[in-house]
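Here's the letter readout for the chains.
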Amino acid sequence: MKFRNFPMVPRVVYGRGSFDQTSEIIEEKRNKERPFIFLVDKVFKDKELSKNIPLQGKDIIIYIDTTDEPKTKGIDEIRDNLKEEFGIVSGIIGIGGGSVMDAAKAVAIMMNNEGSSTQYQGWDLVKNPAVYHVGIPTISGTGAEVSRTCILTGPERKLGINSDFTPFDQVILDPALTKGVEKNQAFFTGMDCYIHCIESLTGTYLNAFSKSYGEKALDLCQKVYVQKSEWDDESDEDLMMASWHGGMSIAYSQVGIAHAVSYGLSYLLGTHHGVGNCIVFDRLEKYYPEGVKEFKYMVEKNKIEIPQGICKGLSDEQFDIMINVSYGMVPLWENALGKDWQKIMTKEKLRALYEEM
Ligand code: NAD
Ligand code: ZN
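About the criteria used
- Residues numbered from 1 in each chain as written.
- Chains lettered and ligands numbered in written order.
- Predicted model: local features only at pLDDT ≥ 70, side-chain atom pairs only at ≥ 80, totals over all residues.
- Heavy atoms only, no water.
- Helix = DSSP H or I, 4+ residues; strand = E, 2+ residues; numbered from the N terminus.
- Buried < 20%, exposed > 50% of the residue type's maximum accessible area, 1.4 Å probe, protein only.
- Contact = heavy atoms within 4.5 Å.
- Areas by Shrake-Rupley, 256 points an atom, 1.4 Å probe, with all protein chains shown as cover.
- Donors = N, O, S within 2.8 Å, 3.2 Å for Na, K, Ca; no water.
- Tetrahedral: all angles 85-135°; square planar, octahedral: opposite > 155°, others 65-115°.
- Salt bridge = Lys/Arg side-chain N within 4 Å of Asp/Glu carboxyl O.
- Near = heavy atom within 4 Å.
- Polar contact = N/O pair within 3.5 Å; in protein donor to acceptor, adjacent residues only side chain to side chain.
- Nonpolar A, V, L, I, M, F, W, Y, C, P; charged D, E, K, R; others polar.
- Domains from an automatic or database assignment.
- 1 Å grid on protein atoms, 1.4 Å probe; cavity = no way out; pocket = protein on both sides within 12 Å on 5 of 7 lines; lining within 4 Å.
- Points joined across faces, edges and corners; volume = space filled by probe spheres on them.

Asker: Lay out the overall build of the chain in plain terms, naming residues and giving numbers.
Answerer: Summing up its helical and strand segments, the chain has 14 helices and nine strands in all. Viewed in the frame of its principal axes, the chain has a C-alpha envelope of about 60 × 45 × 45 Å. The buried share of the chain, taken over its 357 residues, is 55%. Summarising the internal contacts of the chain: among those between residues at least 6 apart in sequence, 75% fall at separations of at least 24. Carbon and sulfur atoms form 50% of the exposed surface of the chain, whose accessible area is close to 16,100 Å².

Below, the structure written as structure tokens:
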């Protein structure tokens, strides 16, 4: 057995209000001639957070529209524009949810790697280290702040750039930034973390490393979504750390069926990651009995509506596209169901599952 040698985020700041320290944190990486580029979720345009971004010299903010999750084309365009305008930059700072954090990681990689980001979707295809990049999450759950991947939709596939150069050089975890997320969205992204835990903890790839992080993340999710009667500041803090631990848990194992199936929805229909996972997980009682039972309880308790009927009226060809995308996620299936996964989840069964959604 060859053990994999993973990088981790080398520097992290945690604390309510820590965002205010951004300027001094990035200062040591600043080259006076080269700007910092802040990629910021468009939802913050004209908001307090944007006013507090410590711009200096030629620094700029690029607002990212997250109506669609990041695409390879958009990443290449941002890189091309930055190269043309500045040549070299001091660093890329992503402020937002999983979409913006992934965009920041991808742009940082592409600043130092030629061609299109589509060339690097996969495992360990990146040749040169990324430029300095910082992640500042504003919604909790994806674990993108800690992971070794940035998920992009390209013309041929939805797949991450998984590489040793992908993780952030610095993360700033400020739970105060997650205030103001719309209730359903906060739940869907929070459930991404819950589902990471269940898929990791019940998977065949499980080991003590993953288990230790997964169990802690699951405890924290249960504390905020099951045990507590009201959401409070402490819940924001707990969920931010749950996201971190959930991300760490899957680093050394894998996710499972909900993710594999949700990738198909996302590729064909553009369904966002969090809600897509919830739509799928809701129907996986047979595979994750305890997790799905608790999930349904949390949905009810928090008065969340899971979208229904999203696959209604799709053609055979469209179902095939989703099935093929999903079937391509081999490690996820293998983690969930073992080496013989194709015998357990036949294409017919998968089609029937999609038809229910
Ligand atoms: P997101 O980043 O798309 O954000 C969801 C919505 O919340 C957006 O409309 C955004 O504008 C809004 N929002 C974010 N912060 C807010 C705030 N503080 N106040 C008000 N609104 C706010 O969603 P997400 O669920 O965080 O991320 C999903 C993305 O993450 C997908 O692209 C998915 O592929 C990716 N992902 C990556 C990893 C990884 O390891 N790299 C893991 C899981 C998911
Ligand atoms: Zn996920």
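Following the structure, the description resumes.
Asker: A description of the coordination of the zinc ion (ligand 2) should follow, citing residues and the corresponding values.
Answerer: Protein coordination at the zinc ion (ligand 2) comes from Asp 192 (OD), His 196 (NE2), His 259 (NE2) and His 273 (NE2), with a distance range of 2.1 to 2.2 Å. Each of the four donor atoms bound to the zinc ion (ligand 2) contributes to angles spanning 88 to 166°, and the resulting shape is irregular. Ordering the donors of the zinc ion (ligand 2) by residue number gives the pattern D-x3-H-x62-H-x13-H. Taken together, the positions of His 259 in helix 8 (residues 257-269) and His 273 in helix 9 (residues 273-281) put the pair 14 residues apart, joining distant regions of the chain. One exposure class covers both His 259 and His 273, and it is buried.

Asker: Which residues make up the pattern of salt bridges, and what are the values?
Answerer: Under the criterion given, the structure shown has 25 salt bridges. Glu 27 is the salt-bridge partner of Lys 32, the closest N and O atoms lying 3.9 Å from each other. With a shortest N-O distance of 2.5 Å, Asp 124 and Arg 148 are connected by a salt bridge. Within this pair, whereas Asp 124 is found in the loop between strand 5 (122-123) and strand 6 (133-137), its partner Arg 148 is found in the loop between strand 6 and strand 7 (151-153), the two being separated by 24 residues in sequence.

Asker: Report on the site of ligand 1, specifying residues and quantitative values.
Answerer: Every one of the 27 residues lining ligand 1 counts as a neighbour, but Gly 98, Ser 99, Thr 138, Ser 147 and Thr 189 are closest to it. Here Thr 138 contributes a side-chain N or O atom positioned 2.8 Å from a nitrogen atom of ligand 1. Alone, ligand 1 offers 870 Å² of accessible surface; in the complex the protein occludes 90% of this. Elements represented by at least two residues in the shell around ligand 1 include exactly helix 4 (98-110) and helix 5 (183-201). If you tally residues by element for the shell around ligand 1, the top one is helix 4, at four residues. Class assignment for the residues of the shell around ligand 1 results in eight nonpolar, 12 polar and seven charged. The residues that make up the shell around ligand 1 include at least three from each of domain 1 (11-178) and domain 2 (183-356).

Asker: Explain the layout of surface pockets to me, and be specific about the residues and the numbers.
Answerer: Taken as a whole, the second largest pocket holds about 450 Å³ of empty space. Taken together, 19 residues form the lining of the second largest pocket, with Lys 183, Ala 186, Tyr 225, Trp 231 and Asn 302 sitting closest to its centre. Those elements that place two or more of their residues in the lining of the second largest pocket are helix 5, helix 6 (208-227) and helix 7 (233-251). Counting residues per element, the lining of the second largest pocket draws most heavily on helix 5, which supplies three residues. Of the residues in the lining of the second largest pocket, the class split is eight nonpolar, five polar and six charged. Shared between two domains, the lining of the second largest pocket takes at least three residues from each, and those domains are domain 1 (11-178) and domain 2 (183-356).

The analysis is restricted to geometry; functional conclusions fall outside its scope.
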